[in-house]
Amino acid sequence: MIELSPQIQDRLRGAAVGAALGDAFGMPLEFLPPRPLRELVVEMQHGRLPAGHFTDDTEMALALAESLLAHRPLNPADLTGRFVSWYESNPDDIGIQTSTILRRASRGEDALKVATELLKTNPDAAGNGSLMRCWPVTLAYWNDLPQLMETSALQSRVTHAHEDCVNACVVANLVMALLVQGDEIPAAISQALELAEHPLNVTERVEGAPRKTRNELPNSGWVLHTLESAIWGLTTTDNFKDAIIQVANLGHDTDTAATVAGALAGAAYGLSAIPIEWRKLLSGEWPLGSRTFWQDVGFINLADRLAG
Ligand SMILES: [Mg+2]
């Protein structure tokens, strides 16, 4: 059992609550065009779900978190089993790639093999489905960076084997872990790229993001667009609330980009910097069909258990 400093505990809790809140904030804006700069949405709104409700991004992250609580090192068969249980409980939303793989895994195929096989037939498939759920790895391994890198990559390969997906998860979690450790944002980003050995494609997107304007961010479901938007939000604002507002108003895949931005900004500024009125609205059923609804306290406890 590690004794965590209050600052580190606050940042770990901030990453977990921040990810779920980013998802909920982006939910009503998903698939819409970018909001005009003068008409940014600045508060939680209802959409297909009530205001404050998280989506598949957070549901899959919770499956990964529970797998990490049950097994360390991460057991890909256990993780697949939890993803399949979620898939079979009829989630409200699911990515195309994730759905294809989990359908085959539910019939007994090995998800890691199916993902590798699919990459051969569709070598450009590099969606953001593994990046959106990867933050629990940082909570488990924020002070063990070699293990963090390996586990971030493995959790991606279960559904998203493309190297850009794998590298995006590794870099995002490294940035998050270095922020938890207390690094300033620019230092965390440059050190993360260094530790990941400057992965192709990802490095260019991450290094270029702080200089982009919002009009230059497509924010599609492509993993590099999501990572770029999240890094942009983190580096062009100076507090949690603005990071989320800016990223969620980019249009298109808003919930996923805001989830990643929320995990990063939550790690940078800590739970104590997250607006309490947003925290009060956070909600979502987990596991699906259980009639158990998670609120901010559930994510705080989860962060403590994963880090403990
Ligand atoms: Mg979603």
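Only a predicted model underlies this, so the values are computations on that prediction, with no experimental measurement involved.

### Quick look at the overall build of the chain
Of regular secondary structure, the chain possesses 15 helices and two strands. Taking 2.2 N^0.38 as the reference for a compact globule, 308 residues should give roughly 19 Å; the C-alpha atoms of the chain span a radius of gyration of 17 Å, in line with that estimate. In the chain, which comprises 308 residues, the proportion classed as buried is 54%. Long-range pairs, those at least 24 residues apart, make up 71% of the contacts in the chain between residues at least 6 apart in sequence.

### Some remarks on the packing of helix H1 (residues 6-26) against helix H8 (residues 163-181)
The contact between H1 and H8 brings their axes to 8 Å, and the two run at 150 degrees. On the basis of their axis angle, the class for H1 and H8 is roughly antiparallel. Mapping the contact onto sequence places Ile8, Arg11, Leu12 and Ala15 in H1 and Met176, Leu179 and Val180 in H8. Grouping the amino acids of the contact of H1 with H8 by side-chain chemistry returns six nonpolar, no polar and one charged.

### A look at helix H2 (residues 56-70)
Counted at 1.5 Å a residue, the expected span for H2 with its 15 residues is 21 Å, and the 21 Å between its end C-alpha atoms agrees. The buried fraction of H2 is high, at 12 of 15 residues. Among the residues of H2, those classed as buried are Asp56, Asp57, Thr58, Glu59, Met60, Ala61, Leu62, Ala63, Leu64, Ala65, Ser67 and Leu68.

### Some words on the environment of Glu150
You can see Glu150 is positioned in helix H7 (residues 145-157). Residue classification places Glu150 among the partly exposed residues on the basis of 16 C-beta atoms within 10 Å. As for Glu150 and Pro73, which are separated by 77 residues in sequence, their C-alpha atoms are 9.5 Å apart.

### Some thoughts on the nonpolar core
Counting residues in each nonpolar core, the largest one holds 106 residues, and the members touching the most others are Ala15, Val175, Met176, Leu227, Ile244, Ala261 and Leu264. At 14 residues, the largest contribution of residues to this core is made by H8. When sequence neighbours within four positions are dropped, the list of residues in contact with Ala261 reads Gly22, Ala230, Gly233, Leu234, Ala243, Ile244 and Val247.

### Let's talk about helix H4 (residues 96-106)
Buried residues of H4: Gln97, Thr98, Ile101, Leu102 and Ala105, and no others. Relative to the axis of H4, the buried residues are bounded by an arc of 115 degrees and lie together on one face. On the buried face of H4, the contacting elements are helix H3 (76-88) and helix H5 (111-121). Positive phi appears at Gly108, one or two residues downstream of H4, with a value of about 100 degrees.

### Quick look at unusual backbone geometry
Residue Pro73 is bonded to the preceding Arg72 through a cis peptide linkage, with omega at 0 degrees. Position of Pro73 relative to the elements: it lies in the loop between H2 and H3. Of note in this structure, His252 is not a glycine but carries a positive phi near 65 degrees. Inspection of the secondary structure puts His252 in the loop between helix H12 (240-248) and helix H13 (254-269). Accessibility expressed as a C-beta count within 10 Å gives 20 for His252, which makes it buried. The phi dihedral of Arg291 falls on the positive side, at around 65 degrees, and the residue is not glycine. Secondary-structure assignment places Arg291 in the loop between strand S1 (284-285) and strand S2 (293-294).

The rules behind the values
Residues numbered from 1 in each chain as written. Predicted model: local features only at pLDDT ≥ 70, side-chain atom pairs only at ≥ 80, totals over all residues. Helix = DSSP H or I, 4+ residues; strand = E, 2+ residues; numbered from the N terminus. Rg over C-alpha atoms; globule rule 2.2 N^0.38 Å. Buried ≥ 20, exposed ≤ 12 C-beta atoms within 10 Å, placed from the backbone. Contact = placed C-beta atoms within 7 Å. Axes fitted to C-alpha atoms, helices over the stretch in contact; angles between N-to-C directions. Parallel < 35°, antiparallel > 145°, perpendicular 65-115°, else oblique. Nonpolar A, V, L, I, M, F, W, Y, C, P; charged D, E, K, R; others polar. Expected span 1.5 Å × (residues − 1). Core = buried A, V, L, I, M, F, W, Y, C linked by C-beta atoms within 7 Å. Arc of directions from axis to C-beta.

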